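# Fold and geometry: a report
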Amino acid sequence: MIEPSNDLFTTIVDVRNTELSALWTRFNIHLLMNGGYLLAILGASDGSMLSASGKFAYLFGLVLTVVWLLAERAGRYTLHYRDKKICDFEELYWKNTPLADFKFFRDTPAGFLN
C-alpha cells in the first residue's frame, strides 16, 4: 500500500485539475467548431458547396454534435472519477491526522459517484 503524503495528494489534485483544463479546452474547441459550422450553413448562398451538398451538410453537423456530446460525457465522467478518488484519499488517510478538518470537497461531489 502507498503511504499517504502531501506530495501524493498534490499529485492527485494536479491530475484532477489537468483533467478539468482538458475538459474546458475540448468544450471550447467543439463550441467553436459547431458554432462556425452553423454560421457557415446559415450563411451559405444558393450556389455554394454547402447548399449543393443537400442533407449531407446537416448530417455532418449532427455527427459533429454527437461527437461533442460523447466527448463531454467522457470528460465529465473522468472528472467525477478523479473527484471521488480525492474524497476517498481524504477519508482513508486523513481520519486521525491534523489534516482531518481539511477537505478539498466539503461533501462528496454530487452526481453518480456514490
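These numbers were taken from a predicted model, which means no experiment stands behind them. (Residues numbered from 1 in each chain as written. Predicted model: local features only at pLDDT ≥ 70, side-chain atom pairs only at ≥ 80, totals over all residues. Heavy atoms only, no water.)

### Considering the pattern of salt bridges
Think of it this way: side chains of opposite charge can pair up when their charged atoms draw near. Applying the stated criterion across every chain yields a total of four salt bridges. Two residues, aspartate 83 and arginine 16, come together in a salt bridge whose shortest N-O distance is 2.6 Å. With aspartate 83 in helix H3 (residues 55-93) and arginine 16 in helix H1 (residues 6-42), this pair connects stretches of sequence that are 67 residues apart. Neither residue differs from the other here; aspartate 83 and arginine 16 are each classed as buried. Note that lysine 84 and aspartate 88 form a salt bridge whose closest N and O atoms lie 3.4 Å from each other. Of this pair, lysine 84 and aspartate 88 both sit in helix H3, separated by four residues, roughly a single helical turn. Look at lysine 84 and you get partly exposed, because its relative accessible area is 23%. You can call aspartate 88 partly exposed: its relative accessible area is 32%. (Salt bridge = Lys/Arg side-chain N within 4 Å of Asp/Glu carboxyl O. Helix = DSSP H or I, 4+ residues; strand = E, 2+ residues; numbered from the N terminus. Buried < 20%, exposed > 50% of the residue type's maximum accessible area, 1.4 Å probe, protein only.)

### Observations regarding H3
For H3, which comprises 39 residues, the first-to-last C-alpha distance of 57 Å matches the rise-based estimate of 57 Å (1.5 Å per residue) to within 8%. Within the sequence span of H3, burial applies to Ala57, Gly61, Leu64, Trp68, Glu72, Gly75, Leu79, Asp83, Ile86, Cys87, Phe89 and Glu90. (Expected span 1.5 Å × (residues − 1).)

### Observations concerning the nonpolar core
If you look at the biggest cluster of nonpolar residues, it comprises five residues: Phe9, Val13, Ile86, Phe89 and Trp94. Looking at this core, the elements with two or more residues in it are H1 and H3. (Core = buried A, V, L, I, M, F, W, Y, C linked by side-chain atoms within 4.5 Å.)

### Things to note about the side chain of arginine 16
According to the relative accessible area criterion, arginine 16 is buried, its value standing at 12%. Within the structure, arginine 16 has its side chain in polar contact with the side chain of asparagine 17 (distance 3.2 Å). (Polar contact = N/O pair within 3.5 Å; in protein donor to acceptor, adjacent residues only side chain to side chain.)

### Notes on the packing of aromatic side chains
In the structure shown here, the tally under the stated rule is three aromatic pairs. Ring geometry for tryptophan 24 and phenylalanine 27: centres 5.6 Å apart, planes at 75 degrees, overall edge-to-face. In this pair, tryptophan 24 and phenylalanine 27 are both assigned in helix H1, three residues apart and thus about one turn of the helix distant. Here phenylalanine 27 falls in the partly exposed class, since its relative accessible area comes to 25%. (Phe/Tyr/Trp six-rings, centres within 6.5 Å; stacked < 30°, edge-to-face > 60°.)

### Section: a nonpolar patch on the surface
A cluster of nonpolar residues, Leu59, Leu62, Val66 and Leu70, forms a patch on the protein surface that exposes about 380 Å² of accessible area. Inspection of the secondary structure assignment puts leucine 70 in helix H3. (Patch = residues over 30% accessible without salt bridge, like charges linked within 9 Å, V, L, I, M, F, W, Y side chains within 5 Å. Areas by Shrake-Rupley, 256 points an atom, 1.4 Å probe, with all protein chains shown as cover.)

### A word on the environment of phenylalanine 60
Within the element layout of this structure, phenylalanine 60 appears in helix H3. You can call phenylalanine 60 partly exposed: its relative accessible area is 39%. For phenylalanine 60 and tyrosine 37, which are 23 residues apart along the polypeptide, the C-alpha to C-alpha distance reads 9.5 Å.

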